[in-house]
Amino acid sequence: MDIVTLILIAVSLAMDAFAVSVGSGMLMCHARWRPTLKIAGSFGLFQALMPLIGYAVARTFAQYIQAVDHWVAFILLGFIGGKMLYDALTEQDDTPARANPCDWRNLFVMSVATSIDALAVGASFALMPRTGMLEPACGFLLCCALIGLVTLVICVAGVQIGCRTGNLLGKKAEIAGGVVLILIGVKILLEHTVFAG
């Protein structure tokens, strides 16, 4: 596998995390670097770890993971998005409830949900011929690290875009963030069920 192919894989894997980063950024009042890096770093870390896990279990559990990964992502993102919508719509005044995307529990759930597809990618890496980027002994680790780095950079941009948009929208930003999470979950589910194969 050449580096261009790997970068394209990394970018495609990062798209769900990017969308969720934009939604998370919309909930933040200011585009501060510490929470931005916390969100983007968490997404990048999980995008790097999931292929490692997928690689490790490829020969025994890959078919079981692929059978349910889309349902897990749909349920997790739907739950968080639904909670954000509920909080925004039941808040009495005009100030947004501002669900905290940097809360470790929320961040963990969103990171897992947006990186589940990377398990299958890791499993496919285990079955590919060891050429190009996969040829060196540590080539697989370098591939995973590059996937994580690409996700980190894309998600930093996503959070910054969301922060700037969220400041303009106020309470509507929380509603939009919840809708984004639900739609990403629906997209993952449809890609693996209705549009699969």
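Residues numbered from 1 in each chain as written. Predicted model: local features only at pLDDT ≥ 70, side-chain atom pairs only at ≥ 80, totals over all residues. Heavy atoms only, no water.

Here we take up the overall build of the protein. Looking only at helices and strands, the protein features six helices and zero strands. Secondary structure elements of the protein occur, N-terminal to C-terminal, as α-α-α-α-α-α. A total of 197 residues make up the protein; the buried ones form 45% of that total. Counting only contacts in the protein whose residues sit at least 6 apart along the sequence, the fraction spanning at least 24 positions is 89%. (Helix = DSSP H or I, 4+ residues; strand = E, 2+ residues; numbered from the N terminus. Buried < 20%, exposed > 50% of the residue type's maximum accessible area, 1.4 Å probe, protein only. Contact = heavy atoms within 4.5 Å.)

Moving on: helix α3 (residues 104-115). In this model α3 runs 16 Å from its N-terminal to its C-terminal C-alpha over 12 residues, within 8% of the 16 Å that 1.5 Å per residue would give. Within the sequence span of α3, burial applies to L107, M110, S111, V112, A113, T114 and S115. The N-terminus of α3 is capped by D103, whose side-chain oxygen sits 3.1 Å from the backbone nitrogen of R105. (Expected span 1.5 Å × (residues − 1). Polar contact = N/O pair within 3.5 Å; in protein donor to acceptor, adjacent residues only side chain to side chain.)

On to a nonpolar patch on the surface, then. A grouping of I3, V4, I7, L8, V11 and M15 is seen on the molecular surface, where their side chains present a nonpolar patch of about 500 Å² in accessible area. Relative to the assigned elements, M15 resides in helix α1 (residues 3-26). Residue class for M15 comes out partly exposed when judged on its relative accessible area of 36%. (Patch = residues over 30% accessible without salt bridge, like charges linked within 9 Å, V, L, I, M, F, W, Y side chains within 5 Å. Areas by Shrake-Rupley, 256 points an atom, 1.4 Å probe, with all protein chains shown as cover. Salt bridge = Lys/Arg side-chain N within 4 Å of Asp/Glu carboxyl O.)

Of all hydrophobic cores here, the largest spans 40 residues; its most connected members are I39, F43, M110 and F125. Where this core is concerned, the elements lending two or more residues are α1, α2 (33-90), α3, α4 (117-127), α5 (139-169) and α6 (171-192). Take this core: its biggest share by element is 11 residues, from α5. (Core = buried A, V, L, I, M, F, W, Y, C linked by side-chain atoms within 4.5 Å.)

We now examine the environment of C155. Checked against the element boundaries, C155 lands in helix α5. C155 sits in the buried class, given a relative accessible area of 0%. Residues C155 and A40 lie 115 residues apart in sequence; the distance between their C-alpha atoms is 4.9 Å. Every residue in contact with C155, bar those within four places of it in the chain, is listed here: A17, F18, S21, A40 and F43.

Residue placement: D16 occurs in helix α1. A polar atom in the side chain of D16 sits 3.1 Å from the side chain of K187.

If you walk through the whole model with that rule in mind, you get two aromatic pairs. Judged by centre distance (5.6 Å) and plane angle (75°), the rings of F46 and F108 are edge-to-face. One end of the pair, F46, is in helix α2; the other, F108, is in helix α3, and 62 residues separate them in sequence. Using a relative accessible area of 15% as the deciding quantity, one classes F46 as buried. (Phe/Tyr/Trp six-rings, centres within 6.5 Å; stacked < 30°, edge-to-face > 60°.)

Once that is clear, we can look at the pattern of salt bridges. This model, assessed by the stated rule, comprises two salt bridges. Of the charged contacts, one joins K187 and D16 as a salt bridge, the two residues approaching to 3.1 Å between their closest N and O atoms. Linking K187 in helix α6 with D16 in helix α1, this pair joins segments that are 171 residues apart in sequence. Judged by its relative accessible area of 6%, D16 falls in the buried class. Here R105 ties to D103 by a salt bridge, and the two come within 3.3 Å at their closest N and O atoms. Residue class for D103 comes out partly exposed when judged on its relative accessible area of 21%.

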